[in-house]
Amino acid sequence: MSIRRPGGVLLGVVGASLAGCAGESSMLEPSGQGARHVEGLWWTMFWLAAVVVVAVVATLAFALWRRRQPEPDNEALRDRDDRVVTRMIILGGVVLPIVVLLPVAWSTIRTAQLTRLAADEPLEIVVTAHQWWWQAVYPESGAVTANEIHVPVGEPVRLRLRSNDVIHSFWVPEVHGKTDLIPGQENTMDIRVDAPGVYRGQCAEFCGLQHALMRLRIYADPPAEFERWVRQEAAPAAEPTAEQLREGQTTFEAQCGQCHMIRGTRLGVGNVGPDLTHLASRDTLAAGALSNTTYNLARWILDPQGVKPGSRMPDVGLDEDDIQAVVAYLESLE
Ligand code: CUA
């Protein structure tokens with residue numbers, strides 16, 4: 001590629017990174033104290049890098065210009081040129097890197113300290129990464145959900161990050177930086193979300209075939225609304241009332257119950273896939289791959305490998321009537 005307009009290329013690169021890293025969410029629009037520190041570090045590094053780019057381009061332009069000048073025929077002038085060259089090498093190769101990299105190192109360490117500010121009694125949520133979805137357990141209340149983590153807005157929350165299989169990375173750019181989830185080790189992330197809303201995130205460490213569709217969301221609710229939500233999620237599933245729903249529950253228990261939990265049922269006790277006790281209260285399915293609609297739910301059960309190739313969810317071979325009953329049952333689980 002010939003670069004006739006380096007300015008345009010630079011603008012393009014900066015624009016692309018500003019446009020947002022994980023879909024619609026950008027770490028340059030922070031809405032949590034952790035993310036604000038990370039944003040500050042980003043700008044420090046951006047401006048330092050910008051100064052370096054300008055200096056390098058200016059030096060290059062100067063060098064190109066000098067090459068067109070005739071060699072000096074005088075000994076003293078050539079010696080002077082050699083001294084200038086030596087000075088530039090020391091300046092550009094030793095002094096400048098130290099001047100640029102020291103502040104970067106200092107602000108990186110400072111940011112790491114600031115983002116680890118712990119509160120006295122945060123709300124704890126145990127987040128366990130699985131290939132390829134997120135389990136969220138609220139030990140205090142007993143609520144369990146998947147991929148959609150609700151938190152009270154403005155209050156300190158501690159995420160206890162674990163992994164069930166390989167290394168994943170928890171990243172909701174507007175809320176905080178990234179933290180790895182490592183098998184056999186628990187990492188923590190202290191967050192506080194400033195404004196109510198839905199914040200999108202993404203697994204940020206390659207973890208296998210469906211890494212790209214291992215999405216998550218943080219819902220920051222006003223405290224009263226959060227209390228209502230957590231109470232509802234902690235409760236067992238409603239007993240089915242209509243005939244079709246009862247059929248759906250029976251089929252679910254027989255075909256899906258070894259992998260999925262529906263609290264309050266006798267045989268829906270699995271712990272391999274997400275807890276579905278209140279599936280109907282979620283906005284998405286399959287770790288954010290689909291919106292939670294009747295059509296998508298049926299499609300996901302009918303052809304999991306078509307929706308997410310490689311996913312651990314098998315096609316259990318339900319017929320049309322079974323699928324209709326199971327979907328109706330799952331949709332009744334508010
Ligand atoms: Cu989990 Cu990438």
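Preceding block: the structure.
None of the values given here were measured: they were computed from a predicted structure.

Asks: So, the overall build of the protein: which residues are in play, and what are the values?
Replies: Secondary structure assignment for the protein yields eight helices and 12 strands. Relative to a compact globule of 334 residues, whose C-alpha radius of gyration would be 20 Å, the protein shows 27 Å and is clearly more extended. For the protein, the spread of C-alpha atoms along the three principal axes comes to 105 × 45 × 35 Å. In the protein, which comprises 334 residues, the share counted as buried stands at 41%. Treating the 29 positive side-chain charges of the protein as one cloud and the 40 negative ones as another, the clouds have centres 12 Å apart.

Asks: Quick one: what's the story with the packing of aromatic side chains, residue by residue and with numbers?
Replies: Per the counting criterion, the structure on display carries 11 aromatic pairs. Arranged with centres 5.4 Å apart and planes meeting at 10°, the rings of Trp 42 and Phe 46 form a pair that is stacked. Taken as a pair, Trp 42 and Phe 46 lie in helix α2 (residues 33–68) at a separation of four residues, close to a single helical turn. Judged by relative accessible area, which is 23%, Trp 42 ranks as partly exposed. Aromatic rings pair up to connect Trp 42, Trp 43, Phe 46 and Trp 47 into one cluster.

Asks: Which residues make up the sheet that holds strand β4 (residues 148–152), and what are the values?
Replies: Backbone-to-backbone hydrogen bonds pair the strands of a sheet. The strands run either parallel or antiparallel. Taking strand neighbours across the sheet as the criterion, the three strands line up as β4-β10-β9 in an open arrangement whose pairing is mixed. Of all the strands in the sheet, the pair left with one neighbour each is β4 and β9 (197–202). Taking the axes of each pair of neighbouring strands and ignoring which way they run, one obtains an average angle of 25° across the sheet. Bridge count for β4 against strand β10 (residues 215–221) is five bridges, and the pairing is parallel. Residue His 150 lies in a different strand from β10, and its bridge partner there is Tyr 219. In this fold helix α4 (residues 223–234) packs onto β4 and β10, with an angle of close to 135° to the strand it touches most, β4.

Asks: Talk me through the side chain of Thr 277; I want residue IDs and the actual numbers.
Replies: By the element assignment, Thr 277 lies in the loop between α5 (243–255) and β11 (284–285). Owing to a relative accessible area of 0%, Thr 277 belongs among the buried residues under this scheme. A distance of 2.9 Å separates a polar atom in the side chain of Thr 277 from the backbone nitrogen of Arg 263. In this structure the side chain of Thr 277 is engaged in a polar contact, spanning 2.6 Å, whose partner is the side chain of Asp 275. In this view, Thr 277 contacts Ala 235, Pro 236, Ala 237, Met 261, Ile 262, Arg 263 and Leu 333; residues no more than four positions away in its chain are not counted.

Asks: An account of the sheet that holds strand β5 (residues 157–163) is requested, with residue identities and associated values reported.
Replies: An order of β3-β2-β1-β5-β8 is seen for the five strands of this open sheet, with the pairing classed as mixed. At either margin of the open sheet sits one strand with a lone partner, and together these are β3 (143–146) and β8 (187–191). Averaged over all pairs of adjacent strands, the angle between their axes in this sheet comes to 25°, without regard to strand direction. Here strand β1 (residues 123–130) runs beside β5; their pairing, made up of seven bridges, is parallel. From the neighbouring strand, Thr 128 faces β5, where its bridge partner is Arg 162. Running over the sheet, α4 touches β1, β2 (133–138) and β3 and is turned about 95° from β3.

Asks: Which residues make up the state of the cysteines, and what values go with them?
Replies: Within the structure shown, the criterion is met by zero disulfides. No disulfide involves Cys 256; its nearest neighbouring cysteine sulfur is the one of Cys 259, lying 8.5 Å away. Residue class for Cys 256 comes out buried when judged on its relative accessible area of 15%.

Asks: Break down the pattern of salt bridges for me, citing the residues and quoting the values.
Replies: All chains considered together, the criterion is met by nine salt bridges. Linking Arg 162 and Glu 186 is a salt bridge whose minimum nitrogen-to-oxygen distance equals 2.7 Å. Of the two residues, Arg 162 sits in strand β5 while Glu 186 sits in the loop between β7 (179–181) and β8, which places them 24 residues apart along the sequence. The exposure class assigned to Arg 162 is partly exposed, which follows from its relative accessible area of 33%.

Asks: Tell me about helix α8 (residues 320–331), residues and numbers included.
Replies: In this model, α8 (12 residues) spans 16 Å end to end at C-alpha, consistent with the 16 Å of a helix rising 1.5 Å per residue. If you follow the buried residues of α8, they end up packed against α5 and α6 (294–302). Capping of α8 at its N-terminal end is provided by Asp 319; its side-chain oxygen lies 3.1 Å from the backbone amide nitrogen of Asp 321.

Asks: Residues and numbers for the nonpolar core, please.
Replies: With 32 residues, the main nonpolar core has Ile 125 and Phe 170 as its most contacted residues. Counting residues per element, the ones that place at least two in this core are β1, β2, β4, β5, β8, β10 and α4. When residues of this core are assigned to their parent elements, the largest contribution, four residues, is made by β1. In contact with Phe 170, other than residues within four places in its own chain, are Val 127, Trp 134, Ile 149, Leu 159, Leu 161, Gly 177, Lys 178, Thr 179, Leu 181, Met 189, Leu 216 and Ile 218. Ala 237, Ala 286, Leu 318 and Leu 333 belong to the second-largest nonpolar core, a separate cluster that totals 21 residues.

Analysis parameters
- Residues numbered from 1 in each chain as written.
- Predicted model: local features only at pLDDT ≥ 70, side-chain atom pairs only at ≥ 80, totals over all residues.
- Heavy atoms only, no water.
- Helix = DSSP H or I, 4+ residues; strand = E, 2+ residues; numbered from the N terminus.
- Rg over C-alpha atoms; globule rule 2.2 N^0.38 Å.
- Buried < 20%, exposed > 50% of the residue type's maximum accessible area, 1.4 Å probe, protein only.
- Lys, Arg positive; Asp, Glu negative; His and termini not counted.
- Charge placed at Lys NZ, Arg CZ, Asp CG, Glu CD.
- Phe/Tyr/Trp six-rings, centres within 6.5 Å; stacked < 30°, edge-to-face > 60°.
- Pairing = 2+ DSSP bridges.
- Axes fitted to C-alpha atoms, helices over the stretch in contact; angles between N-to-C directions.
- Contact = heavy atoms within 4.5 Å.
- Polar contact = N/O pair within 3.5 Å; in protein donor to acceptor, adjacent residues only side chain to side chain.
- Disulfide = S-S within 2.5 Å.
- Salt bridge = Lys/Arg side-chain N within 4 Å of Asp/Glu carboxyl O.
- Expected span 1.5 Å × (residues − 1).
- Core = buried A, V, L, I, M, F, W, Y, C linked by side-chain atoms within 4.5 Å.

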